[in-house]
Every structure is written in C-alpha cells, then in structure tokens.
Amino acid sequence: MAQTIAVLSQKGGTGKTTTVRTLTDVLRRIDVKTLAVDLDPQGNLSDYFDLPPDSDPTIADVLSGTSTAAEAIHQDTIPASLNLAEAELMLGGKMGREMTLRRALGKVSEDYEVILIDCPPSLGLLTVNALVAADYALVTAEAQYFALQGVEQAMEVIELARESLNDELSLLGVLMNLADMRTVHSREARASLQERFGEKVLDTAVRGSIAYAESAERAVSILDHRPDLGADYLAVAAEILERLPGMASARDRLAKLL
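To start, this report covers the structure provided alongside it.

Criteria and cut-off values
Residues numbered from 1 in each chain as written. Predicted model: local features only at pLDDT ≥ 70, side-chain atom pairs only at ≥ 80, totals over all residues. Heavy atoms only, no water. Buried < 20%, exposed > 50% of the residue type's maximum accessible area, 1.4 Å probe, protein only. Helix = DSSP H or I, 4+ residues; strand = E, 2+ residues; numbered from the N terminus. Contact = heavy atoms within 4.5 Å. Polar contact = N/O pair within 3.5 Å; in protein donor to acceptor, adjacent residues only side chain to side chain. Salt bridge = Lys/Arg side-chain N within 4 Å of Asp/Glu carboxyl O. Expected span 1.5 Å × (residues − 1). Pairing = 2+ DSSP bridges. Axes fitted to C-alpha atoms, helices over the stretch in contact; angles between N-to-C directions. Nonpolar A, V, L, I, M, F, W, Y, C, P; charged D, E, K, R; others polar. Core = buried A, V, L, I, M, F, W, Y, C linked by side-chain atoms within 4.5 Å. Parallel < 35°, antiparallel > 145°, perpendicular 65-115°, else oblique. Left-handed = near helix turned anticlockwise from the far one by under 90°.

Some points on helix α6 (residues 125-133)
- Counting buried positions along α6 gives nine out of nine residues, so the element sits mostly inside the fold.
- Here α6 has its buried residues at L125, L126, T127, V128, N129, A130, L131, V132 and A133.

Describing the environment of T204
- Of note, T204 is situated in strand β7 (residues 201-207).
- On the basis of relative accessible area, T204 is assigned to the buried category, the value being 13%.
- The spacing of T204 and S55 is 149 residues in sequence and 35 Å in space, taken between C-alpha atoms.
- Dropping the residues within four chain positions of it, T204 is found in contact with L175, M176, R190, D232, A235, V236 and E239.
- A polar side-chain atom of T204 sits 2.7 Å from a polar atom in the side chain of E239.

Let's talk about the pattern of salt bridges
- A full pass over the atoms with the stated rule returns 12 salt bridges.
- The salt bridge partner of R251 is E242, with a shortest N-O separation of 3.4 Å.
- Via salt bridges that share partners, R21, D25, R29 and D224 belong to a single interconnected network.

So, helix α11 (residues 227-243)
- Its 17 residues place the ends of α11 24 Å apart at the C-alpha level, agreeing with the 24 Å of an ideal helix rising 1.5 Å per residue.
- The set of residues buried in α11 consists of L229, G230, D232, Y233, L234, V236, A237, E239, I240 and L241.

Re the side chain of K16
- You can see K16 is positioned in helix α1 (residues 16-29).
- A relative accessible area of 5% places K16 in the buried class.
- Within the structure, the side chain of K16 is placed 2.7 Å from the side chain of D118, a separation counted as a polar contact.
- Beyond its immediate stretch of four places on either side in the chain, K16 contacts V7, L8, S9, D40, D118, C119, P120, P121, T140 and N177.

Some details on the pairing of strand β4 (residues 114-118)
- Counting buried residues along β4, five of its five residues qualify, which places the element largely inside the surrounding structure.
- Burial of β4 is two-sided: the residues V114, L116 and D118 facing one way and the residues I115 and I117 facing the other way are all buried.
- The pairing of strand β1 (residues 3-8) with β4 spans five bridges and is parallel. The partner of T4 across the bridge, within β4, is I115.

Observations concerning the packing of helix α7 (residues 147-164) against helix α8 (residues 184-197)
- Between α7 and α8, whose axes approach to 9 Å, the crossing angle comes to 35°. Across from A147, L148, V151, E152 and M155 in α7, the residues of α8 making contact are S192, L193, R196 and F197.
- Taken together, the residues of the contact of α7 with α8 sort by class into six nonpolar, one polar and two charged.

Brief notes about the sheet that holds strand β5 (residues 136-142)
- Pairing in this open sheet of seven strands is parallel, and the strands run β3-β2-β4-β1-β5-β6-β7 from one edge to the other. Lying at the two open borders of the sheet, with one neighbouring strand each, are β3 (77-78) and β7.
- Where α6 meets the sheet, it contacts β1, β4 and β5, and its direction lies at approximately 150° from that of β1.
- The sheet strands contacting α11 are β1, β5, β6 (170-179) and β7, and the helix crosses β7 at an angle near 165°.

Let's talk about the pairing of β7
- Of all seven residues making up β7, five are buried, and the element is well covered by its neighbours.
- Across three bridges, the pairing between β6 and β7 is parallel. Each bridged residue has a counterpart across the sheet, and for M176 the counterpart in β7 is A205.

Section: the side chain of N129
- Position of N129 relative to the elements: it lies in helix α6.
- Of the residues examined, N129 reaches a relative accessible area of 0% and is grouped as buried.
- Setting aside anything within four residues of it in sequence, one finds N129 in contact with L91, R97, E98, M99, T100 and L101.

A short note on the nonpolar core
- Counting residues in hydrophobic clusters, the biggest one holds 54 residues, and the most contacted among them are I59, L105 and I117.
- Among residues more than four places away in sequence, those in contact with I117 are T4, I5, A6, V7, V20, V37, L39, L101, L105, A130 and A133.
- Counting residues in hydrophobic clusters, the runner-up holds 35 residues, among them L202, I222, L244 and L254.

Things to note about the packing of α11 against helix α12 (residues 248-255)
- For the pair α11 and α12, the least separation of the axes is 9 Å and the interaxial angle reads 160°. Considering their axes alone, α11 and α12 lie roughly antiparallel with respect to each other. For the element pair α11 and α12, the recorded crossing hand is left-handed. Every residue of α12 that contacts α11 at L234, A237, A238, L241 and E242 is listed here: A250, R251 and L254.
- Residue composition of the contact of α11 with α12, grouped by class: six nonpolar, no polar and two charged.

As structure tokens, then:
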C-alpha cells in the first residue's frame, strides 16, 4: 500500500511543482516505485516529465468518472490539462466530492510505494481532494516575509481536512524553497517558521536558481542539469524518508547518492 503525500502551497511560485518533480526523480532513482499525480490545471508537472500535451486520459477524466486511475497513468504519472478546471467545477455539485480522488487512487495504491500529488496553487476543492486522499501533507514555502502567513493558511485547510474528512492525515513537514540563506531576509523568514512550527520545518532549505527554469524547459532533472543544486533535494528526500515508516532500505540506497 502506497504512502501518499500531498504537496501544497497557498500560492504559486513557491517551488511546489519542482519539489514534486525532483522528489519523484530521486525516489525513482533509488528504486522506490513512485506515482506522480498532477492535480494542477496548469499541467506544469506533466510538462516537467515531458509527457505529450495530448496525453489521454488525464486526472480530469479520473475525477469526472470517465476513466480509472490505472487507465490514466502514463510513465508512472497521471497528467493534467486545462480540462481539470472544468472537472473541479463539476465536482462542486457531486455528492461525496471530497472523496473522489481517494477512491480513485485507492485502486492503484497497491502498485506503488509512494504517491506524490502536486496540488494546485490554491486551497480549493482539488487541494481538499488531495488531502483527503493523502496520508501526509508537505507544505512548501518561499523564503520571504509572507511565508508564515501562507503556511498558516495551508495549515488551516490541512486541519479542516483532518477533522472532518481524513483523521489519519499528518503533517510531514514544511519545506523552505527559493532560499538564499546568505541574506538576512531569508534567515528571518526561516526563523519565523521554526518558531511557529518547530521540528516540522525541514532542516534543508532549497536554494533558488534560474537553473530550475532551465531544467524544466529542457525536461531534464535538476539532478542532471545542476547536480550541485540537486544535492539540496537529495537532502530533502533523506529527511522525508526518515519521517516515513518502513523506508529504511530506501534510506540506505539514498545514502549512496549523498
């Protein structure tokens, strides 16, 4: 049975999709069978994995009930398209709408060890679906002044999902992205997060760089495009595997890459 992680942020531009793409890549390189689910209508994760733009079916078809999750898997990824925005509107009038993704992924969960869900850059119905389907939530935050406010808003949605829809949901951690820890601004943003959330804030802060946009444009992992920056995500993956139960062998395999 897969351990499912919803990766979310209150807004765009926090490195959320890059986090899902790179963590997926790291896990696959150490032979952890990983399914990536693109739940963002922008479809950036699908682009990162260089899936054809006309890939069909997509997560929109899964949510609308015209396809199963198994049928929508392309190269261990369930892609998204702009049709997902229409599917979200359709879900709004559906009974049990918050459970739709959970039911769909439950049918493929046995085939994977980890499922990573890239949530949209908002805290609406699609994100709620992801949190109901997930065992864990990973919140990404940009290293800037309003980081604490954004994370607290995400926490409110996580708590709502846990209290009313998924009492087994846990916070896996808070990841600071786009950080330049040489600056006072980034250090203060990190300090405010640590003061509020303590050990839930990951020790690793991912550095910001134009190289991430370059690697995305070329559909090449940052691990290959800029291994020095990719090392940040190797460290993030090590922390996440440490927090997940039953992943000791994966941690050992990852240690050989560090």
